[in-house]
Amino acid sequence: MLKKFFLTSFLLFSSLITIYPSKKENTNFFDYCYSLEKIISRNAVEISNNLSKNFKPLAKDITLFGTNKTKGAFASKIINQYKDSKKLFIVTFVPNQIYCLAGYWIEVAIPGKFESILYNKSKQKINEYKNIKKEIDEFIKDFNLEYKSIKKEIKDFF
């Protein structure tokens, strides 16, 4: 009796977890990457304190247009890049839809989690590019100083 109750509860809970994102986000069944994109974009606009009340509806429409164009391809592409960078068997073995389903439920539980992760990663990349730019600027400055000194030596020589 207890085993039947646990089995029934498990099956009901499993079906609820897998069906809810598709029904809530009005997407195709098993299209969890699209559902993930929709909830991330919606949470990004709703949580943002920088947007005025007049601009939020426009921002929602813009993000909805963007997610309708990608339809989950963007999330799947990010997951594939992650899989390629890790190169672990267990990470590459799990299908993207499972990652998207887990990501959806993380975003439901902690709204804005992925937005903050993406923001921090992009900030790191921008800082890396700024550091590279500084190094290149220093290299060019040293090169110009060397050029000027060689030019002066040639001018003094003749």
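Right above here is the structure, for reference.
Residues numbered from 1 in each chain as written. Predicted model: local features only at pLDDT ≥ 70, side-chain atom pairs only at ≥ 80, totals over all residues. Heavy atoms only, no water.

Peer 1: How should the overall build of the protein chain be read in this particular structure?
Peer 2: Across its full length, the protein chain carries 7 helices and 0 strands. Of the regular secondary structure in the protein chain, the N- to C-terminal order runs α-α-α-α-α-α-α. Within the protein chain, buried positions represent 22% of all 158 residues. Here the contacts in the protein chain between residues at least 6 apart in sequence split such that 53% fall between residues at least 24 apart. For the protein chain, the computed accessible surface area is about 12800 Å², with 65% contributed by carbon and sulfur atoms. (Helix = DSSP H or I, 4+ residues; strand = E, 2+ residues; numbered from the N terminus. Buried < 20%, exposed > 50% of the residue type's maximum accessible area, 1.4 Å probe, protein only. Contact = heavy atoms within 4.5 Å. Areas by Shrake-Rupley, 256 points an atom, 1.4 Å probe, with all protein chains shown as cover.)

Peer 1: Whenever I open this one, the pattern of salt bridges confuses me. Can you help?
Peer 2: Pairs may arise between side chains of opposite charge once their charged atoms sit close together. For the structure on display, the rule yields 2 salt bridges. Here glutamate 128 makes a salt bridge to lysine 125, at a shortest N to O gap of 3.9 Å. Of this pair, glutamate 128 and lysine 125 both sit in helix α7 (residues 113–157), 3 residues apart, which is roughly one turn of the helix. Glutamate 128 sits in the partly exposed class, given a relative accessible area of 42%. (Salt bridge = Lys/Arg side-chain N within 4 Å of Asp/Glu carboxyl O.)

Peer 1: What is the right way to read the packing of helix α1 (residues 2–25) against helix α6 (residues 96–109) from this model?
Peer 2: How two helices pack is summed up by the angle between their axes together with the distance between the axes. Following both chains from N to C, one finds α1 and α6 inclined at 75°, their axes separated by 11 Å at the closest point. One finds that α1 runs roughly perpendicular with respect to α6. For the pair α1 and α6, contact is made by Leu16, Ile17, Thr18, Tyr20, Pro21, Lys24 and Glu25 and by Leu101, Tyr104 and Trp105, respectively. When the residues that make up the contact of α1 with α6 are grouped by side-chain class, the tally is 7 nonpolar, 1 polar and 2 charged. (Axes fitted to C-alpha atoms, helices over the stretch in contact; angles between N-to-C directions. Parallel < 35°, antiparallel > 145°, perpendicular 65-115°, else oblique. Nonpolar A, V, L, I, M, F, W, Y, C, P; charged D, E, K, R; others polar.)

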